[in-house]
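Read off the chains here:
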Amino acid sequence: MWVIHRAGRLRRLYGMLCLCFLALCVWTFQLARRDSAVPIGFLKDQAGRVAYFEADSTDPLYCYNQLTRLLPSEACEAILQGVPVYSTSQLSQLEKELGGEVSQDN
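Residues numbered from 1 in each chain as written. Predicted model: local features only at pLDDT ≥ 70, side-chain atom pairs only at ≥ 80, totals over all residues. Heavy atoms only, no water.

Q: Got a minute to help me understand the packing of aromatic side chains in this structure?
A: Each aromatic ring pair is specified by the distance between its two centres and by the angle formed by the two planes. Considering all chains together, one arrives at 2 aromatic pairs under this definition. Aromatic side chains Tyr52 and Tyr62 sit 5.5 Å apart centroid to centroid with 25 degrees between the ring planes, which places their arrangement in the stacked category. Of this pair, Tyr52 sits in strand S2 (residues 49–54) while Tyr62 sits in strand S3 (residues 62–67), and the two are 10 residues apart along the sequence. The same class applies to Tyr52 as to Tyr62, namely buried. Between Tyr62 and Tyr64 the ring centres are 5.6 Å apart and the planes differ by 80 degrees, which places this aromatic pair in the edge-to-face class. As far as the burial class goes, Tyr62 and Tyr64 line up, both buried. Chaining the aromatic ring pairs together yields one cluster made of Tyr52, Tyr62 and Tyr64. The ring centre of Phe42 lies 5.4 Å from the NZ or CZ of Lys44, which sits over that ring. Here the basic side chain of Lys44 rests over the ring of Phe53, its NZ or CZ set 5.2 Å away from the ring centre. (Phe/Tyr/Trp six-rings, centres within 6.5 Å; stacked < 30°, edge-to-face > 60°. Helix = DSSP H or I, 4+ residues; strand = E, 2+ residues; numbered from the N terminus. Buried < 20%, exposed > 50% of the residue type's maximum accessible area, 1.4 Å probe, protein only. Lys NZ or Arg CZ within 6 Å of the ring centre and 35° of its normal.)

In structure tokens, the structure reads:
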């Protein structure tokens, strides 16, 4: 009897440890996901052209040859408000959609 009772306690302890480990994994994943939600930069309008700004900068890192007013109306409105960029792969995709040409006079 005593051995069966002890085995049941060990099983419950093992189950509690597994639940704690699972909770720690979920918490770590959520923390990592929350940290990645901070944009690395923004695509905004700069003197009528689309420009890339780093998140903590007021000056553009570079300007594109794409004129903001020539974009479709939804895209133009989004650029005027500022489009957050969360990764370099997202920035590359947005550059392809814009044509990807950077002006030399930035």
